[in-house]
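# Observations on the model geometry
Here is what each chain is made of, one letter per residue.
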Amino acid sequence: MLQSLGLPRTEATAIVCLKDCSELRSLHIELVSGLRQPEVSVAMRPLRDRGWVEERSEKKNKGKGRPVKYYQLTLPFSQIVTVLEEEFLKDNKEKIIALKRLRELENTLQN
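Residues numbered from 1 in each chain as written. Predicted model: local features only at pLDDT ≥ 70, side-chain atom pairs only at ≥ 80, totals over all residues. Heavy atoms only, no water.

By the naming in an unreviewed UniProt entry, the chain goes by Transcriptional regulator and is assigned to Methanosarcina vacuolata Z-761.

Following this line, the structure appears as C-alpha cells:
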C-alpha cells in the first residue's frame, strides 16, 4: 500500500519493518524484510533525509570491522501515512488542474 502512494519498494519495506519496533539493527531489517544489506542502506538514506528515520552506529567490541547500524522511526507510522496522503492529494490536485486546463484549451481551439 505504501508503494501505491509513491514510495519505492525498499523504503516501504524498511518502514514496515520499523513500524512496530523501537529500534532494529540493519541485519535484523535484512532478515525480516528479505532486503540485501546494500538495499537497506540505500533505502534508509531518503528516509533519513525526510526525517522519518534515525540512524545510530555502534562500534563492535574489538573495534575491528564496520560499526553496527541501528535504525528507528522518528515519527509515528500514522504521521508518515498522513504525510504521504497529503503529498498524494497535492499531486493529484495538480493533475486535475492540468486536465481542466487541457480541456479549456481544447474548447478554445475548437471555437
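Mapping Ser4 onto the fold places it in the segment before helix H1 (9–18). Overall, the relative accessible area of 58% leaves Ser4 in the exposed class. Between the C-alpha atoms of Ser4 and Phe88, which are 84 residues apart in sequence, the distance is 9.7 Å. Separated by 2.6 Å, the side chain of Ser4 and the backbone oxygen of Met1 make a polar contact. (Helix = DSSP H or I, 4+ residues; strand = E, 2+ residues; numbered from the N terminus. Buried < 20%, exposed > 50% of the residue type's maximum accessible area, 1.4 Å probe, protein only. Polar contact = N/O pair within 3.5 Å; in protein donor to acceptor, adjacent residues only side chain to side chain.)

Interhelical geometry of helix H2 (residues 26–33) versus helix H3 (residues 37–49) gives an angle of 110 degrees and a closest axis separation of 9 Å. Considered as vectors, H2 and H3 are oriented roughly perpendicular to each other. Across the interface between the two elements, Ser26, Ile29 and Glu30 of H2 pack against Gln37, Val40 and Met44 of H3. Of the residues in the contact of H2 with H3, the class split is three nonpolar, two polar and one charged. (Axes fitted to C-alpha atoms, helices over the stretch in contact; angles between N-to-C directions. Parallel < 35°, antiparallel > 145°, perpendicular 65-115°, else oblique. Contact = heavy atoms within 4.5 Å. Nonpolar A, V, L, I, M, F, W, Y, C, P; charged D, E, K, R; others polar.)

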